[in-house]
Amino acid sequence: MRGGYPSSRRDATLGDSELGTRPSIFPETAAVDGHGHLLIGGSDTVELARGFGTPLYIFDETTLRHRCSEFIEEFTSRYSDTLVIYASKAFINRSLALIFTEQGLGLDVVSGGELSIARSVDFPMEKVYFHGNNKSKEELELALGWGVGHIVVDNFYELSLLDGLAREKNITQQVLLRLSPGVDPHTHRYATTGVIDSKFGFPIVTLQAEEALSRALSSSNLNLIGLHFHLGSPIYELQPYQEAMRIALGFAAEMKERHGFELRELDTGGGFAIQYTRGEPAPSVAEYAEVIIETMLAECDSLGLERPRLIVEPGRGIVGQAGVALYTVGATKDIPGVRKYISVDGGIGDNIRPALYGARYEAVVANRANDEEKERVTIAGKLCESGDILIRDIYLPHLESGDIIAIPSSGAYCLAMASNYNSALKPAIVMVKDGK
C-alpha cells in the first residue's frame, strides 16, 4: 500500500496484537483490530486519542526494551568489553531513564537538566557520560558533586575550567577528549558533527587535538582515559564509521608514541539510523556492530594498540521506532490541480523535524486503517508558519474532520525539540504495554 502501512489486512484482536507483515517503521506490537482501529501495545489508539486528547505521543514499552536488548546483544556478542549508553538528547524523561537503568544501559547527557533527570531516578553515575560544547561552571560543578563517571571535554576552555574545579574539590575526574575527525557522514548539514567546520570537538588535522591531549595529560586533576567522536545523525552508510575509526585509532597510536598516551576507552558516538519511510531502509544494528567492531579490532592489531573499551551511543535507534504520534484532522483545503491540504491539531510545535531537516514520514488513518489509500494529500500543522508541514504528498484514504492520523517512527527528537510556539500546549505522552 502507498501510505507505508503493512500490505497484510489480517484483523487482530487485543489478544492477537502483531500483524503478520509489518514494516520496521511501526512498533513491534502494531496491529489492526476488527473495527479497523490501529492498536499499539494492545491498546486502541482511537480510544487513547479520545481519552488523552491530541496531539498524543504513544511509546511502546515492548519495542523500547527490545531495542535496548538488541544493541547490547549485537555489540557485546562481537566484543564483550562494550558499553551501550543511551543518547538522552533523542528524548528523555524519568520513565525512560528508569527503563534504561533496568536494561543495563549507560546514559549520555548534554545538560544539567538531562543530568538531573538521571539523578532523580538514581541512575548509576559511573555509567553517565557528560557531553556538550559549552558546559557551564554550574553544570560541571553538578557533575563533579554527583560523581559523574566520565566527562567528555570539548574545547580548551572546558579543559582548563574542569581541571580547576576538580582541584578545588580535591578529586581526579575521568575524561575523554572529543575529536573532530574530519569525516562527512552524508547526512543533513545541520546534523553533521564530525567535519572540521563544526562547533564540536578538537580537530585532528589542525594539531589542536594533540595540544588538547598534551594539556589533559599534564592536568593535575584530570585523568584522560579515552577519545570520543560523533559523526552526525542519522547515518545510513557504514563507510563513515570505518573511516572515522581508522583516523581516531591512528591518532591514538601517534599520541602513544609521542606522549605515552594509553587508550582505555573509545567512544564512537551514535548516529544509528532507523527506517522512516518504506523506500528508505536503514542498516540493521548487527550491520553497524559488525563494521564498527571489525574495524576497531583490525586497526588496534595493526597499530599495536591494546584493545580499549568500546562505547556506543544509540538514541534514535532505541526510541525512534517505539514512538507513534496521533493527530486529529480538522480543516481541508483543496486547490484543484495543485494540492490538497489536510490540517491537523499539531505540527512544528511537537515535531519540527520536517521543517528543520526536511525529514520524511509515513502515516495511517488510525480509526480506518483498512480503508483504501486513494487520495494524495499533504498533512499540514495548525501553527502560524507556511513551513508547518508534517508530510508532503502522501496517499491516504479520503479524510474527514475527526479522523485520527497516526505517524510512526516519532519517538526520537520530536518531543525533545517540542516548543510552546503560538502558546500551544505540548502533547501528552503515554506508555503502553499489554493493553494497559
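The text that follows walks through the structure, step by step, so that each part is easy to find.

Calculation rules
- Residues numbered from 1 in each chain as written.
- Predicted model: local features only at pLDDT ≥ 70, side-chain atom pairs only at ≥ 80, totals over all residues.
- Heavy atoms only, no water.
- Helix = DSSP H or I, 4+ residues; strand = E, 2+ residues; numbered from the N terminus.
- Rg over C-alpha atoms; globule rule 2.2 N^0.38 Å.
- Buried < 20%, exposed > 50% of the residue type's maximum accessible area, 1.4 Å probe, protein only.
- Contact = heavy atoms within 4.5 Å.
- Areas by Shrake-Rupley, 256 points an atom, 1.4 Å probe, with all protein chains shown as cover.
- Lys, Arg positive; Asp, Glu negative; His and termini not counted.
- Charge placed at Lys NZ, Arg CZ, Asp CG, Glu CD.
- Salt bridge = Lys/Arg side-chain N within 4 Å of Asp/Glu carboxyl O.
- 1 Å grid on protein atoms, 1.4 Å probe; cavity = no way out; pocket = protein on both sides within 12 Å on 5 of 7 lines; lining within 4 Å.
- Points joined across faces, edges and corners; volume = space filled by probe spheres on them.
- Nonpolar A, V, L, I, M, F, W, Y, C, P; charged D, E, K, R; others polar.
- Arc of directions from axis to C-beta.
- Axes fitted to C-alpha atoms, helices over the stretch in contact; angles between N-to-C directions.
- Parallel < 35°, antiparallel > 145°, perpendicular 65-115°, else oblique.
- Left-handed = near helix turned anticlockwise from the far one by under 90°.
- Pairing = 2+ DSSP bridges.
- Phe/Tyr/Trp six-rings, centres within 6.5 Å; stacked < 30°, edge-to-face > 60°.
- Lys NZ or Arg CZ within 6 Å of the ring centre and 35° of its normal.

Along the protein chain, the regular secondary structure elements total 11 helices and 20 strands. For a compact globule of 436 residues, the expected C-alpha radius of gyration is about 22 Å, and the protein chain comes in at 23 Å, within 12% of that figure. Each of the three principal axes of the protein chain carries a C-alpha extent, and together these read 70 × 45 × 45 Å. Across the 436 residues that make up the protein chain, the buried fraction comes to 57%. For the protein chain, contacts bridging at least 24 residues in sequence account for 69% of all contacts bridging at least 6. Per element, the accessible surface of the protein chain, about 17300 Å² overall, is 47% carbon and sulfur. Distance between charge centres in the protein chain, computed from 41 positive and 58 negative side chains, equals 3 Å.

This paragraph deals with the side chain of R353. Mapped onto the fold, R353 is located in helix α11 (residues 353–357). Of the buried charged residues, R353 lacks a salt bridge, with E280 as the closest side chain of opposite charge at 8.4 Å.

A few words on empty space enclosed by the protein. Summed over all chains, the structure comprises one cavity of 30 Å³ or more. Quantified by volume, the largest cavity comes out at close to 40 Å³. Around the largest cavity, the lining residues are V364, V365, R368, A369, D371, E373, L396 and P397. Classifying every residue of the lining of the largest cavity by side-chain character gives five nonpolar, no polar and three charged.

Here helix α4 (residues 112–120) has its buried residues at G112, E114, L115 and A118. One side of α4 carries all its buried residues, which in axial view fall inside an arc of 160 degrees. Those residues of α4 hidden inside the fold are in contact with β6 (106–109), β7 (128–130) and α5 (137–145). D122 lies just past α4 and shows a positive phi near 55 degrees.

Let us look at the packing of helix α7 (residues 208–218) against helix α8 (residues 239–259). A pair of packed helices can be characterised by two numbers: the angle between their axes and the separation between those axes. Packing of α7 against α8 leaves a shortest axis separation of 11 Å and a crossing angle of 50 degrees. When the axis of α7 is compared with that of α8, the two are oblique. Judged by the sense of rotation from one axis to the other, the crossing of α7 with α8 is right-handed. Here A209, E210, L213, S214 and L217 of α7 lie close against α8, whose contacting residues are F251, M255, R258 and H259.

This part takes up the sheet that holds strand β2 (residues 38–40). Strands sit in the order β1-β2-β3 across an open sheet of three strands; the sheet is antiparallel. Taken across any chain shown, the strands that pair with only one partner, and hence form the sheet edges, are β1 (31–32) and β3 (43–44).

Below, the discussion takes up the packing of helix α2 (residues 61–76) against helix α9 (residues 285–303). Two numbers describe how α2 lies on α9: the axes approach to 9 Å, and their chain directions differ by 35 degrees. When you trace α2 past α9, the crossing you get is right-handed. In this structure, α2 contributes E70, F71, E74 and F75 to the contact, and α9 contributes V285, A286, Y288, A289, I292 and I293. A breakdown of the residues in the contact of α2 with α9 according to their chemical character gives eight nonpolar, no polar and two charged.

The omega angle of the peptide bond from T54 to P55 is -5 degrees, so this bond is cis rather than trans. Take P55: it is sitting in the loop between α1 (45–52) and β4 (56–60). Positive phi, close to 70 degrees, is recorded for L207, a residue that is not glycine. Within the secondary structure layout, L207 lies in the loop between β10 (202–203) and α7.

Scanning all chains against the criterion turns up 20 salt bridges. Where D393 meets R339, a salt bridge forms, and the shortest distance between an N and an O atom there is 2.7 Å. Of this pair, D393 sits in strand β18 (residues 389–396) while R339 sits in strand β15 (residues 339–344); the two residues are 54 residues apart in sequence, bridging distant segments of the chain. You can call R339 partly exposed: its relative accessible area is 22%. Here R368 makes a salt bridge to D371, at a shortest N to O gap of 2.6 Å. Taken together, the shared-partner salt bridges connect E28, R67 and E70 into one network.

With that out of the way, let us pick up the packing of aromatic side chains. Given two aromatic rings, one states the distance between the centres and the angle between the planes to describe the pair. Taken as a whole, this structure holds 10 aromatic pairs when the rule is applied. Both rings, one in F71 and one in F75, keep their centres 6.4 Å apart while their planes meet at 10 degrees; by these two values the pair is stacked. In this pair, F71 and F75 are both assigned in helix α2, four residues apart and thus about one turn of the helix distant. F71 gets classed as buried once you look at its relative accessible area, which sits at 1%. With centroids separated by 5.0 Å and ring planes inclined at 70 degrees, the aromatic side chains of F156 and F202 adopt a geometry described as edge-to-face. One end of the pair, F156, is in helix α6 (residues 156–168); the other, F202, is in strand β10, and 46 residues separate them in sequence. Exposure remark for F202: the relative accessible area of 3% places this residue in the buried category. Aromatic rings pair up to connect F71, F75, Y241, F272 and Y288 into one cluster. Over the ring of F130 we find K135, and its NZ or CZ is 5.7 Å from the ring centre.

Any link to function would need more than the numbers given here.
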